[in-house]
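Listed here are the chains, written in short residue letters.
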Amino acid sequence: QVQLQESGPGLVSPSQTLSLTCTVSGGSITTKTYYWGWIRQPPGKGLEWIGHIGYSGSVLYGPSLKSRTSISRDMSKNQFTLQLTSVSPEDTAIYYCARMNDGTSTYSDWGQGTQVTVSS
């Protein structure tokens, strides 16, 4: 059973870079057909897909945050990371990492989520 766990600072200052790490256990991030994504939910709003990194290392970003987003991975640690630059209070949200099977195109395994607040 795969498990995902987000980690990172809960408070980020405006204009700084938000950095989160997702640690995966019970499965390898290089296993074929799986994609590893980041999704967020601002307070009172729906889920917003940020982007994902595939088993081959290919990356795809959602259009709304693409210019400020970078997703990378560390295969030796079985982790993947999110960096979001130039944050503002509008980036305050619960951030989730999740796994998608290419065959289903749905995120079936999720981390518990981590609250990130952007405030001075």
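Residues numbered from 1 in each chain as written. Predicted model: local features only at pLDDT ≥ 70, side-chain atom pairs only at ≥ 80, totals over all residues. Heavy atoms only, no water.

Trainee: Hey, could you run me through the overall build of the protein in this one?
Mentor: The helix and strand inventory of the protein stands at zero helices and 11 strands. Listing each helix as α and each strand as β along the protein from the N terminus yields β-β-β-β-β-β-β-β-β-β-β. Taking 2.2 N^0.38 as the reference for a compact globule, 120 residues should give roughly 14 Å; the C-alpha atoms of the protein span a radius of gyration of 13 Å, in line with that estimate. Projected onto its principal axes, the C-alpha coordinates of the protein cover approximately 40 × 25 × 25 Å. With 120 residues in all, the protein has 41% of them scored as buried. In the form shown here, the protein has an accessible surface area of approximately 6,100 Å², with 49% of it arising from carbon and sulfur atoms. For the protein, the distance from the average site of its 8 positive side-chain charges to the average site of its 7 negative ones is 5 Å. (Helix = DSSP H or I, 4+ residues; strand = E, 2+ residues; numbered from the N terminus. Rg over C-alpha atoms; globule rule 2.2 N^0.38 Å. Buried < 20%, exposed > 50% of the residue type's maximum accessible area, 1.4 Å probe, protein only. Areas by Shrake-Rupley, 256 points an atom, 1.4 Å probe, with all protein chains shown as cover. Lys, Arg positive; Asp, Glu negative; His and termini not counted. Charge placed at Lys NZ, Arg CZ, Asp CG, Glu CD.)

Trainee: Can you help me understand the nonpolar core in this one?
Mentor: One broad trend across soluble globular proteins is that nonpolar side chains are buried collectively. Of all hydrophobic cores here, the largest spans 24 residues; its most connected members are Leu 18, Trp 36, Trp 38, Phe 80 and Tyr 95. Going through the elements one at a time, β3 (18–25), β4 (34–41), β5 (48–54), β8 (79–84), β9 (93–101) and β11 (114–118) are the ones with two or more residues in this core. Considering every element that reaches this core, the biggest residue donor is β3, with four residues. Contacts of Leu 18, omitting those with residues within four sequence positions, involve Val 12, Leu 82, Gln 83, Leu 84, Val 87, Tyr 95 and Val 116. One finds Tyr 35, Ile 39, Ala 98 and Tyr 107 within the second-largest nonpolar core, a separate group that totals five residues. (Core = buried A, V, L, I, M, F, W, Y, C linked by side-chain atoms within 4.5 Å. Contact = heavy atoms within 4.5 Å.)

Trainee: It is not clear to me how the environment of Ser 56 should be interpreted in this structure. Could you clarify?
Mentor: Inspection of the secondary structure assignment puts Ser 56 in the loop between β5 and β6 (59–61). For the pair Ser 56 and Ile 29, spaced 27 residues apart in the sequence, the C-alpha separation amounts to 9.0 Å.

Trainee: What's the story with the pattern of salt bridges in this structure? I'm lost.
Mentor: Side chains bearing opposite charge may pair, as long as their charged atoms lie close to each other. Enumeration over the complete set of coordinates arrives at four salt bridges. A salt bridge links Glu 48 to Arg 40; the nearest nitrogen and oxygen atoms lie 2.8 Å apart. Note on Arg 40: relative accessible area 5%, which makes it buried. With its nearest N and O atoms 2.9 Å apart, the salt bridge here joins Arg 68 to Asp 91. Placement of the pair is Arg 68 in the loop between β6 and β7 (69–74) and Asp 91 in the loop between β8 and β9, with a sequence separation of 23 residues. The exposure class assigned to Asp 91 is buried, which follows from its relative accessible area of 1%. Via salt bridges that share partners, Arg 40, Glu 48, Arg 68 and Asp 91 belong to a single interconnected network. (Salt bridge = Lys/Arg side-chain N within 4 Å of Asp/Glu carboxyl O.)

Trainee: Help me out: how do you make sense of the pairing of β9 in this one?
Mentor: Consecutive residues of a regular strand have side chains that alternate between opposite faces of the sheet. Of all nine residues making up β9, seven are buried, and the element is well covered by its neighbours. The sheet contact formed by β9 and β11 spans three bridges and is antiparallel. Bridge pairing in β11 places Ile 94 opposite Gln 115. Taken together, the four bridges between β9 and strand β10 (residues 106–110) define a ladder with antiparallel strand orientation. Counted as the bridge partner of Arg 99 is Asp 109 from β10. (Pairing = 2+ DSSP bridges.)

Trainee: Explain the state of the cysteines here, please?
Mentor: Linking two cysteines covalently through their sulfur atoms gives a disulfide. Inspection of the entire model under this criterion finds one disulfide. Disulfide partner of Cys 22: Cys 97, at an S-S distance of 2.1 Å. Taking the sign of the S-S torsion, 65° for the link of Cys 22 and Cys 97, the bridge is right-handed. Of this pair, Cys 22 sits in strand β3 while Cys 97 sits in strand β9, and the two are 75 residues apart along the sequence. The pair Cys 22 / Cys 97 is uniform in exposure class, with both members buried. (Disulfide = S-S within 2.5 Å.)

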